[in-house]
Amino acid sequence: MDILFKVLIDPFLQMGAMPDLFVQTIWDGFVTGVLYALIALGFVLIFKASGVFNFAQGIMVVFAALTLVGLYEMGLPAPLAVLVTLGVMFVLAVAIERVVLRPLVNQPDIILFMATFGITYFLIGLGELIFGGNPKQMITDQLYLPRGAIEVKMLGGFVQFQKIDIAAAVIAVVMIVALAVFFQKTRIGRALRAVADSHKAALSVGISLNQIWVIVWFTAGIVALVTGIMWGARSDVSFGLQVIALKALPVLILGGFTSVPGAIVGGLIIGIGEKLGEFYWGPLVGGGIESWLAYCIALGFLLFRPQGLFGDKIIERI
Amino acid sequence: MTVTHETIGKGEVLLAVDQVSLSFGGIKAITDVSFDIRKGEIRAIIGPNGAGKTSMLNVINGFYHPQQGKITFKGQTRSKMRPSVAASQGIARTFQNVALFKGMSTLDNIMSGRTLKMNSHFFWQCFRHGPAMAEEIRHREFVEDIIDFLEIQAIRKVPVGKLPYGLQKRVELGRALAMEPDLLLLDEPMAGMNLEEKEDMSRFIIDVNTQYGTTIALIEHDMGVVMDLSDRVVVLEYGRKLADGTPDEVKADQNVIDAYLGVAH
Amino acid sequence: MFYRETGQFKTNYADDMAVFPILQDRIGIALILVLAFVVIPLAGSNFLLSSVMIPFLVFSLASIGLNILTGYTGLISLGTGAFMGVGAYACYKLTTLFPEVNIVVWIVASGFFSALVGVLFGLPSLRIKGFYLAVATLAAQFFLQWCFTRIPWLYNYNASGAIEVGQRTLFGINVTGAKASLEARYMVLLTIVTVLTWVASNIMHGRIGRSFMAVRDMDIAAELMGIDLLKTKLLAFAVSSFYAGVAGAAMMFLWYGGGEANDAFNINQSFLILFMVIIGGLGSMIGSFFGAAFISMLPTVLKFGLPALGIPLAGATAEHLTYILVGALIIFFLIVEPHGLARLWQIGKQKLRMWPFPY
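The rules behind these values
Residues numbered from 1 in each chain as written. Chains lettered and ligands numbered in written order. Predicted model: local features only at pLDDT ≥ 70, side-chain atom pairs only at ≥ 80, totals over all residues. Helix = DSSP H or I, 4+ residues; strand = E, 2+ residues; numbered from the N terminus. Rg over C-alpha atoms; globule rule 2.2 N^0.38 Å. Buried ≥ 20, exposed ≤ 12 C-beta atoms within 10 Å, placed from the backbone. Contact = placed C-beta atoms within 7 Å. Domains from an automatic or database assignment. Nonpolar A, V, L, I, M, F, W, Y, C, P; charged D, E, K, R; others polar. Pairing = 2+ DSSP bridges. Axes fitted to C-alpha atoms, helices over the stretch in contact; angles between N-to-C directions. pLDDT = per-residue confidence, 0-100. Expected span 1.5 Å × (residues − 1). Bend = angle between axes of the 7 residues up to and from the residue. Parallel < 35°, antiparallel > 145°, perpendicular 65-115°, else oblique. Core = buried A, V, L, I, M, F, W, Y, C linked by C-beta atoms within 7 Å. Left-handed = near helix turned anticlockwise from the far one by under 90°.

1. Things to note about the overall build of chain B
- When helices and strands are counted, chain B shows 10 helices and 10 strands.
- Expected size for 265 residues packed as a compact globule is a radius of gyration near 18 Å; at 19 Å, chain B falls within 12% of this value.
- Dimensions of chain B along its principal axes, counting C-alpha atoms only, are 65 × 40 × 40 Å.
- For chain B, the residues scored as buried account for 44% of the 265 residues in total.
- For chain B, contacts bridging at least 24 residues in sequence account for 69% of all contacts bridging at least 6.

2. Notes on the domain arrangement of chain B
All names here are of chain B.
- Here chain B is partitioned into domain 1 (1-89 + 183-189 + 215-265) and domain 2 (91-180).
- Relative to domain 2, the C-alpha centre of domain 1 lies at a distance of 28 Å.
- Every contact between the two is made by 15 residues of domain 1 and, on the other side, 11 residues of domain 2.
- Here the element with the most residues in the side of domain 1 that touches domain 2 is strand 7 (residues 183-187); it accounts for five residues.
- Its residues placed into classes, the side of domain 1 that touches domain 2 shows nine nonpolar, four polar and two charged.

3. A few points about the sheet that holds strand 10 (residues 240-245) of chain B
All names here are of chain B.
- The six strands lie next to each other as 6-7-8-3-9-10, forming an open sheet whose pairing is mixed. Only two strands of the sheet have a single partner each, and these edge strands are strand 6 (91-93) and strand 10. Within this sheet the neighbouring strands show an average axis-to-axis angle of 20°, counted without direction.
- Here strand 9 (residues 232-237) runs beside strand 10; their pairing, made up of five bridges, is antiparallel.

4. Focus on the interface of chain C and chain B
- Listed by partner, the interface residues are 26 residues for chain C and 31 residues for chain B.
- Per element, the largest residue contribution to the side of chain C that touches chain B is eight residues, and it comes from helix 8 (residues 207-217) of chain C.
- Here the side of chain C that touches chain B is built from residues that sort into 14 nonpolar, six polar and six charged.

5. Focus on the confidence of the model for chain B
Residues and elements named next belong to chain B.
- Scored by pLDDT, chain B has a mean of 85; 94% of the residues are at 70 or more.
- Within the model, pLDDT remains below 50 along residues 1-9, and this stretch shows 12 contacts once partners closer than five positions in the same chain are excluded.
- Two summary scores accompany this predicted model of the complex, namely pTM at 0.88 and ipTM at 0.86.

6. Quick word on the interface of chain C and chain A
- Taken together, the contact between chain C and chain A spans 32 residues of the former and 40 residues of the latter.
- Looking at the side of chain C that touches chain A, the elements that each hand over two or more residues are helix 6 (130-150), helix 12 (267-280) and helix 14 (315-336) of chain C.
- At 13 residues, the largest contribution of residues to the side of chain C that touches chain A is made by helix 14 of chain C.
- Its residues assigned to classes, the side of chain C that touches chain A comprises 27 nonpolar, three polar and two charged.

7. Side note on the sheet that holds strand 5 (residues 76-78) of chain B
Residue and element names in this part refer to chain B.
- The sheet built from four strands is open, its strands ordered 2-1-4-5 with antiparallel pairing. A single partner strand is all that each edge strand has here, and the edge strands are strand 2 (27-38) and strand 5. The mean angle between the axes of side-by-side strands here comes to 15°, regardless of whether they run parallel or antiparallel.
- One ladder, built from three bridges, connects strand 4 (residues 68-73) with strand 5; its direction is antiparallel. Bridge pairing links phenylalanine 73 to glutamine 76 in strand 5.
- Helix 1 (residues 53-60) rests against strand 1 (13-24), strand 2 and strand 4 of the sheet, and its axis sits at about 65° to strand 2.

8. What about the pairing of strand 3 (residues 42-46) of chain B?
All names here are of chain B.
- Burial analysis of strand 3 places five of its five residues in the buried class, the great majority of the element.
- Both strand 3 and strand 8 (residues 215-219) contribute to a ladder of four bridges, which runs parallel. Directly across from alanine 44, in strand 8, lies its bridge partner leucine 218.
- Sheet topology places strand 3 next to strand 9; four bridges connect them, and they run parallel. By the bridge assignment, isoleucine 46 is partnered in strand 9 with valine 235.

9. A closer look at unusual backbone geometry
Residue and element names in this part refer to chain B.
- Phi angles above zero are rare outside glycine, and glutamate 188 is one such case at about 50°.
- Tracing the backbone shows glutamate 188 in the loop between strand 7 and helix 7 (195-212).
- Backbone geometry places tyrosine 238, a non-glycine residue, at a positive phi of 50°.

10. Details of helix 1 (residues 2-17) of chain A
Residue and element names in this part refer to chain A.
- With 16 residues, helix 1 ought to run about 22 Å at 1.5 Å a step, yet its terminal C-alpha atoms sit only 20 Å apart, falling short of that.
- The largest bend along helix 1 measures about 45° and falls at isoleucine 9, with the proline proline 11 one to four residues further on.
- With zero of 16 residues buried, helix 1 lies mostly on the surface of the structure.

11. Considering the packing of helix 8 of chain C against helix 10 (residues 229-256) of chain C
All names here are of chain C.
- Relative orientation of the contacting elements helix 8 and helix 10 amounts to 110°, with a least axis distance of 10 Å. With respect to their mutual orientation, helix 8 and helix 10 come out roughly perpendicular. Of helix 10, the residues touching helix 8 (which contributes Ile208, Ser211, Phe212 and Val215) are Leu229, Thr232, Lys233, Leu235 and Ala236.
- Along the lines of polarity and charge, the residues of the contact of helix 8 with helix 10 split into six nonpolar, two polar and one charged.

12. Section: the nonpolar core
- With 284 residues, the main nonpolar core has Ala40 of chain A together with Leu61, Tyr243, Val246 and Ala250 of chain C as its most contacted residues.
- The residue makeup of this core includes at least three contributed by each of domain 1 (1-89 + 183-189 + 215-265) and domain 2 (91-180) of chain B.
- Setting aside its immediate chain neighbours within four residues, valine 246 of chain C contacts Leu61, Gly87, Ile107, Val108, Ser110, Gly111, Ile192 and Leu196 of chain C.

13. Brief notes about the packing of helix 11 (residues 248-255) of chain A against helix 12 (residues 260-281) of chain A
All names here are of chain A.
- Packing of helix 11 against helix 12 brings their axes to within 8 Å, and their N-to-C directions diverge by 120°. In this view, helix 11 runs oblique relative to helix 12, as classed from their interaxial angle. Pair helix 11 / helix 12 crosses with right-handed handedness. Residues Pro250, Val251, Leu252, Leu254 and Gly255 of helix 11 form the contact with helix 12, whose participating residues are Gly262, Ala263, Val265, Gly266, Gly267, Ile269 and Ile270.
- The residue inventory of the contact of helix 11 with helix 12, partitioned by class, reads eight nonpolar, four polar and no charged.

Structure, rendered in structure tokens:
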């Protein structure tokens with residue numbers, strides 16, 4: 001009985017007793033969720049357009065952030081460093097298309113998946129070789145990102161909102177809206193959606209797959225850079241972040257591999273769910289459950305809806 | 001208004017489909033269809049594309065679960081069952097788009113049809129000796145008979161993914177035969193074949209029916225083949241039953257002529 | 001000329017169904033076994049045994065395990081590292097609770113615990129397919145890894161939180177612990193790997209192997225033929241995890257000689273083994289060995305090979321270069337032969353059969 005009380009009732013009593021702490025936890029979870037969603041977003045873009053389960057998305061985030069900071073440390077002014085980093089991401093997109101995707105076109109999914117592992121290893125080695133393996137500080141001030149925190153008095157206590165977190169949420173929203181407009185309103189966006197539906201049909205109406213892939217991987221690279229800046233500002237920039245990037249995977253299961261709204265909603269569910277779980281239920285089993293809770297939430301969810309949050313029901317045909 | 005043909009049907013009823021309806025969301029695939037298959041006969045299901053023929057086969061072997069209606073097989077009535085249960089009761093089938101195990105050889109594909117008949121213990125499987133090996137050899141002999149029957153000795157050890165389409169269809173028939181089914185469902189066994197291959201396949205179907213006494217239900221678009229092979233024909237259109245009877249009766253049926261064979265001008 | 005089956009007639013089905021129907025193959029296998037069991041332990045240097053052969057054998061076992069699941073049954077798993085961990089910790093618990101039972105028995109028996117856990121985490125595989133399943137197995141990876149570090153009972157409340165390998169003997173010879181000679185550890189490991197490889201090959205050649213492959217190639221058709229999907233998939237998880245578990249136990253007790261979960265059984269280990277399976281060849285026993293050899297020896301070869309070629313390497317740079325090269329080589333091999341080294345081997349054998357004629 002004692003166990004049941006501790007698991008089923010006590011956490012909620014705690015929430016009620018200190019609502020300000022509860023709001024704080026939700027907010028922390030929300031911001032983490034936004035960042036998960038951003039990684040998942042880059043992933044969804046690539047999966048939709050090229051059918052590649054891009055394991056390297058997490059590394060691209062770190063690599064982009066590392067390049068930015070590294071270039072700044074080499075003496076480039078911050079705005080120029082951002083531009084050059086974008087250039088690097090573009091070169092990376094072209095290189096991946098040329099070296100990896102083009103020779104592997106039409107191979108089974110698992111082969112392409114494995115190839116992105118190759119990219120992952122390559123980028124880790126390359127990043128550390130050029131910029132060194134030590135953790136770096138994100139150049140928050142130079143990029144005009146706010147510092148410090150706002151304390152809001154509410155519910156009989158104080159809730160702290162880091163300004164950088166607010167900025168992250170705003171930038172994420174802006175970027176998602178921009179991507180949506182890009183997809184729905186432009187010619188390239190239409191081509192992208194066509195490719196997502198069927199490679200062959202898109203080819204037959206004269207869309208260049210190679211060009212689309214470069215664009216998509218570059219877009220994912222931009223998303224990675226933004227994510228990297230935001231994440232780097234909250235902790236520091238190092239390849240240790242890649243384990244956190246794996247958290248984007250349960251987000252994808254929740255949201256479905258092809259759904260942008262799914263990535264966002266999934267990210268928020270995972271972010272908030274895991275913070276609440278860690279804070280209120282974690283102490284019961286000794287803490288640290290953040291490392292696997294997200295996967296278990298996703299797994300439990302998947303058992304009831306194998307097609308994800310926004311996926312259509314699958315009718316199997318034979 | 002089901003017309004019964006006591007005189008033509010060969011034996012007792014093996015399988016009866018009773019007022020089955022199946023829909024996916026708002027789309028009705030099958031509406032209130034009833035017919036029966038008698039022991040030992042070749043029963044054809046025909047109809048235009050999208051008439052619900054393949055869905056009907058899927059219902060019969062438990063892959064789709066109808067919303068309404070009952071299916072009676074060997075005297076047992078059920079509304080739904082798992083496909084593996086249907087298989088263990090003696091229903092085998094081939095598929096419209098060849099559904100072979102592409103990474104395996106012809107021999108292994110047909111051997112996999114014997115899975116249900118094999119039961120040596122996992123322990124012996126680990127050592128591939130004793131009962132496991134004896135069983136393997138026993139079933140290999142059975143499978144070799146099928147290979148002889150279908151004249152595919154030469155491709156025994158070729159991965160089926162490398163075989164031409166016509167041979168794949170033949171291997172698929174072999175795999176279904178290996179299950180020693182009481183009821184064999186053939187989904188367009190001759191689709192995409194040339195005349196010679198069709199003749200071969202027709203011969204195999206007739207031989208299976210006469211030599212092994214297997215009851216066969218088949219879907220086919222080639223009218224000449226259907227009318228020659230089958231004892232009785234059921235005609236579906238838009239998921240409903242249009243006609244049911246011997247090939248001659250169906251050919252003469254005004255509804256069928258209008259809807260399927262084309263209105264005479 | 002030398003390698004062809006011409007003239008080797010089979011007069012019964014048992015001969016025809018042998019794993020190596022061609023005489024030359026049987027001779028080849030015998031030579032390899034003699035080399036592994038006699039020549040290497042007698043003539044091999046300590047370096048060869050400790051840095052090349054033992055890691056290679058441990059990884060081969062793990063690759064065979066994952067290959068059964070991914071290559072033969074078509075279920076992708078990213079949790080192999082954790083299943084190896086289950087084996088290692090099970091073996092540790094068993095040998096501390098029952099020290100009188102021989103360690104070799106426990107190394108093999110620990111596979112059963114791993115199989116049990118594998119079945120548990122394999123349950124979702126009925127409803128979840130493809131990459132969704134891969135991500136689901138990550139739940140196993142992270143949850144189990146958390147258990148290894150957070151449940152002190154598993155590591156016997158050690159201060160270090162690590163597995164400690166004690167002295168154990170077989171026929172009066174030390175086989176684990178600090179006093180065990182390399183040769184003894186190697187021979188025990190080699191025997192385990194040889195026997196288990198033979199068993200795996202037997203299973204894959206029989207009814208069970210065929211059902212695995214049927215599920216992989218076309219699960220719907222398999223089900224319509226009476227193959228119970230859930231049972232088959234769970235069996236695949238069980239067999240696969242068994243091999244992973246034994247590999248994990250062998251890794252701790254015969255190779256590392258002790259260590260903790262976050263080093264040995266983390267997600268990178270899972271990925272590494274998946275690499276081995278893909279590079280080696282999905283659905284191929286011999287491919288598992290090729291893949292394990294390639295990936296486990298690559299860092300060693302680079303570490304000692306590059307300086308020999310005149311490329312000087314400082315410690316950190318060497319590590320970075322290794323990463324780059326491993327990444328590049330993986331991509332290169334996937335492009336050259338997506339079906340893995342096993343396919344290259346097959347093509348080579350085919351060519352040899354025709355040699356010296358072009359066709």
